[in-house]
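# Working through the structure, step by step
Here's the letter readout for the chains.
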Amino acid sequence: MESRTPGSADIRQVGVTSEFQWLDEPEDGRLSRLVRHGRLIAAGLLGVLLILRVLDVAPLQILRLWGFDLQLQTRAPAADPSPVLAVDVDDRSLAAMGQWPWPRRHLVDLVDRLSAAGVGTAAFNILFAEPDRMSPTVLARSLPDLDIELRRELEALGGYDEALARAMWRVPSVIAVAAIPGSGDATPGQGAHNRIAVRGHQDLENLPAIGAIIENVAPIHQASRGQGVVSLLPEPDGTARRVPTIFRVGATLQPGMALDIARVALQQPNMLVEMPSPLGMTGVSVGPLFVPTDSQGRLWVDTARPDRVPTVSALDVLSGGVPGADVAGRIVVIGSSAAGVGDRVRVGFGGAVSGLQFQALAVDTILTGRAPWRDPIFGWVELLATALAGLLLIGLLPRLSPHLKPAVGVGLMAAALGVSAYAQAGFGALVDPTFFSATSILLVGSFVIGDYRTETVLRRRNEAALKRHDAYIREVIDASFDAIVTIGDDARIRTANRAACALLGYPQQGLFGQPIYQRLTGPWAAELEREPVATLSRAADRPETIEVESHGPECSGTVPTEITLAESMAGSERIYILVLRDVSARRAAEAFAALSTQRLHDAVDAISDGFALFAPDGRLLRCNDAYCDMLDAEIDGSDGTPYGTLLQTLVAGRHCPAEAVGREAEWIEARLSVFAAHSQRYEMATTDGRWYQVDERRTAEGGMVCIYSDITVIKDREGELRTAMERAELASQAKSQFLANMSHELRTPLNAIIGFADMLRSQPFGPLGSDRYLGYARDISGSGSRLLKMIEQILEFARLERLQSNIDESGIDVTAAVLAAVTDLTPTARTHGVQIDPSIQPSLPALRADPQMLYQIIQNLLANAVKFSAEGSRVRVAVGLDEQRRIVLTVADEGIGIPQDLIGQITQPFWQHPDAMTSSHEGVGLGLAIVSGHVQAHDADLSVDSRLGEGTTMTVTFPSYRTV
């Protein structure tokens with residue numbers, strides 16, 4: 001294989017064409033993507049970088065700021081001395097004069113010393129937000145136990161705040177105010193400036209916004225000529241590089257500390273914010289001085305040499321240790337760097353200065369005119385230059401060799417650094433070289449990596465192509481379950497796979513060079529041994545399967561083998577490929593299948609039912625002897641007889657279907673029309689009095705299985721059972737008729753007995769002569785009445801079966817039925833000293849039931865409850881609707897209760913408990929039996945809950961479909 005040198009305009013591969021191209025597909029696809037999409041990858045990378053620059057993400061900001069730090073560090077130092085002096089209330093000053101905060105009389109002395117030395121401007125990097133607590137006037141008011149004379153003397157001394165204000169009136173002074181974070185929508189306080197005007201666009205949204213400012217006490221504020229915000233804004237990497245010159249407080253602008261110090265030092269009343277375009281600020285004009293800023297109004301501070309601004313201790317100033325020449329005409333910034341008082345800020349390249357020194361450096365940067373400037377349009381120019389350079393690289397780099405591409409990247413980075421250095425040195429401008437350089441290096445790197453990967457892919461593919469193909473062929477051959485060997489004209493083995501070694505019983509090295517016919521047995525092997533060339537040629541010219549026996553491992557036996565032979569056309573030597581297939585398992589499977597088929601046939605023949613299997617075309621595939629007996633014909637069980645012919649045989653035999661008599665052709669046509677249409681089961685009576693159950697099932701291939709079961713015995717038993725049932729019904733009807741007749745015959749004389757007994761009790765024709773006769777008459781009447789009730793219950797039980805078979809399904813008002821039963825039983829309950837309490841759910845729906853049966857259910861349950869309740873107890877009857885819309889009837893008493901082992905017997909006819917607890921209660925034991933029968937007739941449920949000595953609760957639950 002060979003390839004063009006990577007790095008040319010298009011990289012192409014020229015080499016051997018593989019017959020197994022899918023083996024090379026992953027490598028070819030990757031190489032293709034690397035070659036064709038190199039520019040697309042670089043364009044995507046360029047697009048991502050440009051988007052990140054437009055969004056100005058934090059990593060790019062930090063990289064850009066580090067580049068600016070490097071530029072400022074390499075600037076030439078200023079030749080003139082600084083016009084700024086820092087007076088530091090350091091640790092030494094606090095140790096000598098007392099802890100912070102100082103009484104402001106020390107600051108008065110400090111200002112007086114500076115004034116005497118001829119200071120130009122005094123600026124306090126200190127916030128005077130509260131009155132001096134050590135001031136004499138404050139002490140006179142705050143100490144309650146002072147002598148009146150001492151209090152007057154203290155008040156006469158005056159306050160230190162006023163004294164400091166008087167000192168500040170003698171020296172142009174600037175004081176600090178602190179920012180309170182916020183959105184900038186708050187109303188400014190007394191320190192708000194109206195000395196700032198805006199020239200150009202009035203869009204101030206880019207300026208730093210604060211919520212409010214912390215101001216100084218009124219005397220000091222009024223004595224100052226300027227008030228500047230001393231707060232700093234954080235940088236992305238936490239380094240202080242810039243100070244805000246302008247803050248936005250509501251609709252008012254507030255100057256930063258350094259800018260207001262410069263304004264007072266230059267004796268300028270106003271400042272002018274320069275905003276020539278919508279891109280943002282370019283700077284602030286303070287009289288003749290222009291202070292350049294970034295688009296957000298931040299000033300770049302020259303912190304390359306922090307020692308440029310001299311710093312003296314406040315103690316030295318107060319003690320007269322500072323020469324007046326060091327102070328005269330200078331701007332003095334007063335603050336503190338003492339531990340726990342002053343703050344420290346980190347500046348470029350890891351250095352740190354105090355907040356006082358950083359503000360002093362900012363003032364020095366403004367007044368010396370060394371403030372670097374960066375116009376807002378610089379960012380867009382840099383972005384455009386990077387985009388154009390990136391597109392140029394994408395177009396040109398693929399045409400360059402890999403050795404020139406890194407040089408192009410280094411050259412572009414050097415050019416960007418040179419332009420930025422020239423702009424800084426010649427004009428003081430800050431031009432960002434980092435984004436241009438990083439983009440160029442990344443684009444060049446992407447192409448270099450692409451070239452390297454392309455070259456690597458080409459080399460690896462060329463080295464591995466033949467190995468893959470050879471390994472693939474070997475793996476395919478070795479993975480085959482069939483034995484594959486190659487032989488020459490001499491019939492000696494050249495190569496063999498693992499399956500051949502296993503079949504022939506030799507390792508690969510042992511097979512090489514052996515004649516193949518030595519491992520085979522059979523006519524073809526003998527012919528091959530005699531005439532190898534001719535035999536192989538004939539087999540190759542007429543491809544066919546050759547059957548032989550091959551010797552197994554260690555000559556333990558022979559294995560039935562099939563051989564397929566083909567001639568190889570590769571190379572000049574004639575090579576034959578033999579595929580040897582062990583067919584012992586197949587032949588064993590065929591034998592097993594034949595045995596299984598025979599077993600199935602034997603099982604089918606052993607079935608007592610007639611069995612027949614038909615093909616989809618209706619021809620008989622298999623049947624047993626029972627089927628032949630049913631047909632009354634001698635047929636072969638698998639002769640392929642058509643289904644229609646078999647039906648004709650059936651109707652012509654002695655087992656002809658009864659329904660086919662006289663309409664044989666029509667019956668046969670009907671059976672043929674539904675052949676294998678669907679599965680069905682039906683019964684068939686024959687003319688000789690036999691019955692068959694026919695089960696026809698459709699097979700998966702569209703044929704049909706038929707099973708004919710002789711059910712003559714079952715049919716005979718069904719007839720016998722039907723006759724027995726008819727006799728039982730007649731006996732039951734006779735029993736019911738006998739009970740009805742007996743009840744009628746008994747009631748007629750019994751009514752006469754009761755009637756005459758009642759007449760004797762009433763004595764309509766005069767006294768009987770003795771009170772005993774009246775007692776006898778009462779006993780006769782009572783006993784007769786009880787006997788009449790028993791007879792009526794027996795009669796009702798006799799009519800139970802007739803009533804259950806003829807239920808009147810009508811909508812019944814359950815409430816009315818319950819109240820009627822309660823009304824009827826109230827006299828009996830009063831006789832027993834029992835109170836009946838009905839509880840009926842309002843707006844109860846109607847119940848679909850037989851009115852007579854429902855009344856008997858309620859009446860018998862209530863009568864039973866009253867009968868077994870003690871005197872003075874209550875019987876509660878309740879009816880309502882449950883959550884399943886079922887009507888539930890409950891009767892609860894406080895009677896003697898029922899043992900748990902007897903609850904299952906109470907609904908049996910004529911059942912009564914044999915012990916003494918029922919001896920005092922009348923009845924024949926049919927009430928609950930009648931209730932149970934009526935409940936079952938309505939598909940309802942009867943449940944019993946009883947406890948001895950506590951009472952019994954009977955609950956009838958009607959199904960929901962009976963609720964109207």
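Source: prediction; values computed, not measured.

Cut-off values and rules
Residues numbered from 1 in each chain as written. Predicted model: local features only at pLDDT ≥ 70, side-chain atom pairs only at ≥ 80, totals over all residues. Heavy atoms only, no water. Helix = DSSP H or I, 4+ residues; strand = E, 2+ residues; numbered from the N terminus. Buried < 20%, exposed > 50% of the residue type's maximum accessible area, 1.4 Å probe, protein only. Contact = heavy atoms within 4.5 Å. Areas by Shrake-Rupley, 256 points an atom, 1.4 Å probe, with all protein chains shown as cover. Pairing = 2+ DSSP bridges. Axes fitted to C-alpha atoms, helices over the stretch in contact; angles between N-to-C directions. Core = buried A, V, L, I, M, F, W, Y, C linked by side-chain atoms within 4.5 Å. Left-handed = near helix turned anticlockwise from the far one by under 90°. Nonpolar A, V, L, I, M, F, W, Y, C, P; charged D, E, K, R; others polar.

This part takes up the overall build of the protein. Along its length, the protein carries 29 helices and 37 strands. A total of 964 residues make up the protein; the buried ones form 43% of that total. Pairs at least 24 apart in sequence give 67% of the contacts found in the protein among residues at least 6 apart. Carbon together with sulfur atoms contributes 56% to the accessible area of the protein, which is approximately 49,500 Å² in total.

Here the focus is the sheet that holds strand β25 (residues 575–582). One open sheet accounts for six strands, arranged β21-β20-β25-β24-β23-β22; its pairing is antiparallel. Here the strands that pair on one side only, and so sit at the sheet edges, are β21 (493–496) and β22 (520–521). When strand β20 (residues 483–487) meets β21, the two strands line up antiparallel, connected through three bridges. The partner of Thr486 across the bridge, within β21, is Thr495. Against the sheet, helix α19 (residues 532–541) engages β20, β23 (546–551), β24 (558–568) and β25, with an angle of about 80 degrees to β24. Sheet strands in contact with helix α20 (residues 584–606) are β23, β24 and β25, and its direction is about 125 degrees off that of β24.

This paragraph deals with the nonpolar core. Judged by nonpolar contacts, the single largest core of 42 residues is most densely connected at Ile246, Ile261 and Phe358. In terms of residues, this core owes the most to one element, helix α12 (residues 355–367), which gives seven residues. Not counting residues up to four positions away in its chain, the partners in contact with Ile246 are Ile196, Leu207, Pro208, Leu253, Gln254, Pro255, Gly256, Leu259, Val273, Met281, Val284 and Gly297. Grouped together as the second largest cluster of nonpolar side chains are 37 residues, Ala817, Leu844, Val877 and Ile903 included.

A word on the packing of helix α28 (residues 851–867) against helix α29 (residues 927–937). At a minimum axis separation of 9 Å, α28 and α29 run at an interaxial angle of 145 degrees. Relative to α29, the crossing made by α28 is left-handed. Within the contact between the two elements, α28 uses Met853, Gln856, Ile857, Asn860, Leu861 and Asn864 and α29 uses Gly927, Leu928, Ile930, Val931, His934, Val935 and Ala937. Taken together, the residues of the contact of α28 with α29 sort by class into eight nonpolar, five polar and no charged.

So, about the pairing of strand β17 (residues 331–335). Burial analysis of β17 places five of its five residues in the buried class, the great majority of the element. Neither face of β17 is exposed, since Ile331, Val333 and Gly335 on one face and Val332 and Ile334 on the opposite face are all buried. In this sheet, β17 lies alongside strand β4 (residues 121–124) in parallel orientation, the contact comprising four bridges. Note that in β17 the partner of Ala123 across the bridge is Val333.

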